[in-house]
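Chains, contacts and geometry: an overview
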Amino acid sequence: MLEAFLHRLAEEAGKELDAETAAALVAETRGHLEESIQARLELGIEPERAEREAIQAFGEAQRTARGVAAEAARPRESKRGKVLAAAYALFIVGVVIGPDFMRLSPALYYAVYGLAWILVLAFGVLAFRSRRPAPRRVLSIGLIATLGLWGGIGTTWLHLWHHGGMGETPRWHASDRYAGEDRTSEGRERREERNAAVAAAQADPMGNFLAFGPETLAIGIVVAGIGTALDGAASGLGILAFSLRRRARGGGARA
Amino acid sequence: MLGALDGGAAHGYEIARRIKATSEDALAVGEGLLYPALHALERDGLVAAEWVPQEGKPNRKVYRLTDEGRGALAKKRKEWLRFAEGVSAVLKPGVSGA
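Cut-offs applied
- Residues numbered from 1 in each chain as written.
- Chains lettered and ligands numbered in written order.
- Predicted model: local features only at pLDDT ≥ 70, side-chain atom pairs only at ≥ 80, totals over all residues.
- Heavy atoms only, no water.
- Helix = DSSP H or I, 4+ residues; strand = E, 2+ residues; numbered from the N terminus.
- Buried < 20%, exposed > 50% of the residue type's maximum accessible area, 1.4 Å probe, protein only.
- Contact = heavy atoms within 4.5 Å.
- Areas by Shrake-Rupley, 256 points an atom, 1.4 Å probe, with all protein chains shown as cover.
- Salt bridge = Lys/Arg side-chain N within 4 Å of Asp/Glu carboxyl O.
- Pairing = 2+ DSSP bridges.
- Core = buried A, V, L, I, M, F, W, Y, C linked by side-chain atoms within 4.5 Å.
- pLDDT = per-residue confidence, 0-100.
- 1 Å grid on protein atoms, 1.4 Å probe; cavity = no way out; pocket = protein on both sides within 12 Å on 5 of 7 lines; lining within 4 Å.
- Points joined across faces, edges and corners; volume = space filled by probe spheres on them.
- Nonpolar A, V, L, I, M, F, W, Y, C, P; charged D, E, K, R; others polar.

**Some points on the overall build of chain B**
Scanning chain B for helices and strands turns up four helices and three strands. The order of α-helices and β-strands along chain B, N terminus first, is α-β-α-α-β-β-α. Taken over 98 residues, chain B has a buried fraction of 37%. Pairs at least 24 apart in sequence give 38% of the contacts found in chain B among residues at least 6 apart. In the form shown here, chain B has an accessible surface area of approximately 6000 Å², with 57% of it arising from carbon and sulfur atoms.

**Description of the pattern of salt bridges**
Going through the model one piece at a time under the given rule, you end up with 12 salt bridges over all chains. Taking the shortest distance from any N to any O, the salt bridge between B:R60 and A:E35 comes out at 2.4 Å. Taken together, the positions of B:R60 in strand β3 (residues 57-65) and A:E35 in helix α2 (residues 19-42) put the pair across two chains. Here A:E35 falls in the partly exposed class, since its relative accessible area comes to 23%. Of the charged contacts, one joins B:E42 and B:K61 as a salt bridge, the two residues approaching to 3.5 Å between their closest N and O atoms. Taken together, the residues span a long stretch of sequence, with B:E42 in helix α3 (residues 34-43) and B:K61 in strand β3 at a distance of 19 residues. A cluster of three or more residues bridged by salt bridges with shared partners is formed by A:E3, A:R30 and A:E34.

**Notes on the pairing of β3(B)**
In regular strands, side chains alternate between the two faces of the sheet. All names here are of chain B. Where strand β1 (residues 10-11) lies against β3, two bridges are found, and the strand directions are antiparallel. Counterpart to H11 in the pairing with β3 is V62. Strand direction decides the pairing type here: strand β2 (residues 47-54) and β3, joined by seven bridges, are antiparallel. Its bridge partner lying in β3, V47 is registered against L65. The antiparallel pairing of β2 with β3 creates a hairpin that spans two residues between the two strands, and G56 there sits at a positive phi of about 75 degrees.

**Considering the sheet that holds β3(B)**
Within the open sheet, the three strands sit side by side as β1-β3-β2 (chain B). Their pairing is antiparallel. Each having just a single partner strand, β1 and β2 of chain B make up the two edges of the open sheet.

**Overview of the nonpolar core**
Residues A:L33 and B:L2 are the most contacted members of the largest nonpolar core, which totals 34 residues. Mapped onto this core, the elements with two or more residues apiece are α1 (2-16), α2, α3 (47-58) and α4 (61-73) of chain A together with α1 (2-5), α3, β3 and α4 (67-91) of chain B. Dropping the residues within four chain positions of it, B:L2 is found in contact with B:L41, B:L46, B:V47, B:L65, B:G69, B:A72 and B:L73.

**Regarding the environment of B:W51**
With respect to the secondary-structure elements, B:W51 resides in strand β2. Separated by 40 residues in the primary sequence, B:W51 and B:H11 have C-alpha atoms spaced 9.6 Å apart. Sequence-distant contacts of B:W51, that is, excluding residues within four places in its chain, are made with A:A24, A:A27, A:E28, B:N59, B:R60 and B:K61.

**Concerning the side chain of B:H11**
With respect to the helices and strands, B:H11 occurs in strand β1. By relative accessible area, B:H11 is classed as buried at 11%. Not counting chain neighbours up to four residues away, the residues in contact with B:H11 comprise A:E35, B:R60, B:K61 and B:V62.

**Here we look at the confidence of the model for chain B**
Confidence along chain B averages 84 in pLDDT terms, with 92% of residues attaining 70 or more. Predicted as a complex, the structure gets a pTM of 0.49 and an ipTM equal to 0.79.

**Observations regarding the environment of A:A23**
Of note, A:A23 is situated in helix α2. When the C-alpha positions of A:A23 and A:A13 are compared, they lie 8.2 Å apart, and in sequence the two are 10 residues distant.

**What to know about empty space enclosed by the protein**
Gaps left between atoms are located by rolling a probe of water-molecule size over the structure's atoms. For the coordinates displayed, the defined rule picks out one cavity of 30 Å³ or more. Put simply, the largest cavity is a space of about 70 Å³. If you trace the largest cavity, you find it lined by A:A27, A:E28, A:G31, A:H32, B:H11, B:G12, B:Y13, B:Y35, B:W51, B:N59, B:R60 and B:K61. Among the elements of the structure, α2 of chain A together with α2 (12-22) and β3 of chain B are those that each provide at least two residues to the lining of the largest cavity. Its residues placed into classes, the lining of the largest cavity shows four nonpolar, five polar and three charged.

Laid out in structure tokens, this is it:
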């Protein structure tokens, strides 16, 4: 009776599913029915009746096979794709607005970055202290925000590095290499050219970014990646502690 | 099913048994219908499954809640409690319009 049922299931599954999935479904159903039959035998029910009742409780083979096939055919929502697209979009936003943002309001720029970092750390702390894992959304938002902001920081540095500095005070003002430059007219001209270049970079960061070419973008991505990885590592320790704690409690089994 | 797995990892028959026992037989669906639902939950990332070897028997597929599954369960619990409270309030004797 059991074998006949499984044979029917295999036939129905074979019509609806690929061979591997069909075989897995039959194997899983066999295990299910054997457990069900065993439970009835332990209650003292005679074998033939136990088999019949177990199959009856399971239901029709065709319904199970078609149900699994319908689920297999359902389009899967690609959450990962959406997260990656959001991360990429925020990275581009960081690249475009980062230099302007930093120039206009460095305090606000670092405040937003600090908030993103706090979100990442919050996940680590919550994961360590809480019995249940903190929502992944906290971590996702934090990491995506730091990715975008690090993208802005990375390209800001690159924009102004070529021109000797950041903000209002270019590097060469404090550098011994340029000491005494003001004494000669050529030196003053060179300084004025560099100041003009810094002003141009600060006034049109996107234009200068494009002028530097793909290597600028590549380095900006590397800086963004390193910065985000460092931030992610801060919460990684909390995640690890939480995982170890769950394992020690036996895989999270709760009444 | 997510609620049944909240008690720990289980294979299909055990999940059916937990649902039936916890609901005191109020919820007793065809056990075979669990598998399409389990496959759907697995595809959506709410449960994870692995084949566990057994001594002297074929391997058994065991399901467990993922972190996303726990989040979804918590959300559904909240929604259900809110819904149940609303229905109970409306069905209470003496409520005008009921």
